[in-house]
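Overview (structure and organization)
Residues per chain are reported as follows:
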Amino acid sequence: MTDKPFYRFFAIDYVATGEGRSVWLMICRNYPPIDNKDREYEKFVKFVGEGADYYMHGFDELTEDEFLVKYGKMVSDYIVEMIARKDQPAFTWETHLHFNYS
């Protein structure tokens, strides 16, 4: 029997010429689906908000290690400490960062 991860790690990393870079990140508990609905994924889509139909094409679900290697500098030390404990009930952290280079 394999242990399921305690958390799930979602990301969209969108880059477009003239638009800059937008990054949506979410860390949440790994709850089982209810009535065949992935409620954590649905929460992420709602968080992305307007334009989700477009941006979700870039959706990625990563392992904890992959997420922290790729986006760790965008996650505060406090959040990294919290997820290391693996004891946060109903934990959800999300952020949207936008960088415009023009």
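Placed above this text is the structure.
Presented here is an overview of the structure given in this document. From a predicted model like this one, the values you see are computed outputs, not experimental measurements.

Criteria and thresholds
Residues numbered from 1 in each chain as written. Predicted model: local features only at pLDDT ≥ 70, side-chain atom pairs only at ≥ 80, totals over all residues. Heavy atoms only, no water. Pairing = 2+ DSSP bridges. Helix = DSSP H or I, 4+ residues; strand = E, 2+ residues; numbered from the N terminus. Axes fitted to C-alpha atoms, helices over the stretch in contact; angles between N-to-C directions. Contact = heavy atoms within 4.5 Å. Buried < 20%, exposed > 50% of the residue type's maximum accessible area, 1.4 Å probe, protein only.

Digging into the sheet that holds strand 1 (residues 7-16)
Sheet architecture is open: 4 strands sit in the order 3-1-2-4, paired in antiparallel fashion. Only two strands of the sheet have a single partner each, and these edge strands are strand 3 (59-62) and strand 4 (92-99). Put simply, the sheet's adjacent strands are angled 15° from each other on average, direction ignored. By the bridge criterion, 8 bridges tie strand 2 (residues 20-29) to strand 4 in an arrangement that is antiparallel. Across the sheet, I27 pairs through a bridge with W93, a residue of strand 4. Sheet strands in contact with helix 1 (residues 39-48) are strand 1, strand 2, strand 3 and strand 4, and its direction is about 150° off that of strand 2.

So, the pairing of strand 2
The buried fraction of strand 2 amounts to 9 of the 10 residues, a majority that puts the element mostly inside the structure. Of the pairings in the sheet, the one linking strand 1 to strand 2 comprises 10 bridges and is antiparallel in character. Across the sheet, residue D13 finds its bridge partner in strand 2, namely V23. Where strand 1 folds back onto strand 2 in an antiparallel hairpin, the turn is made up of 3 residues, including G18, whose phi is positive at roughly 85°.

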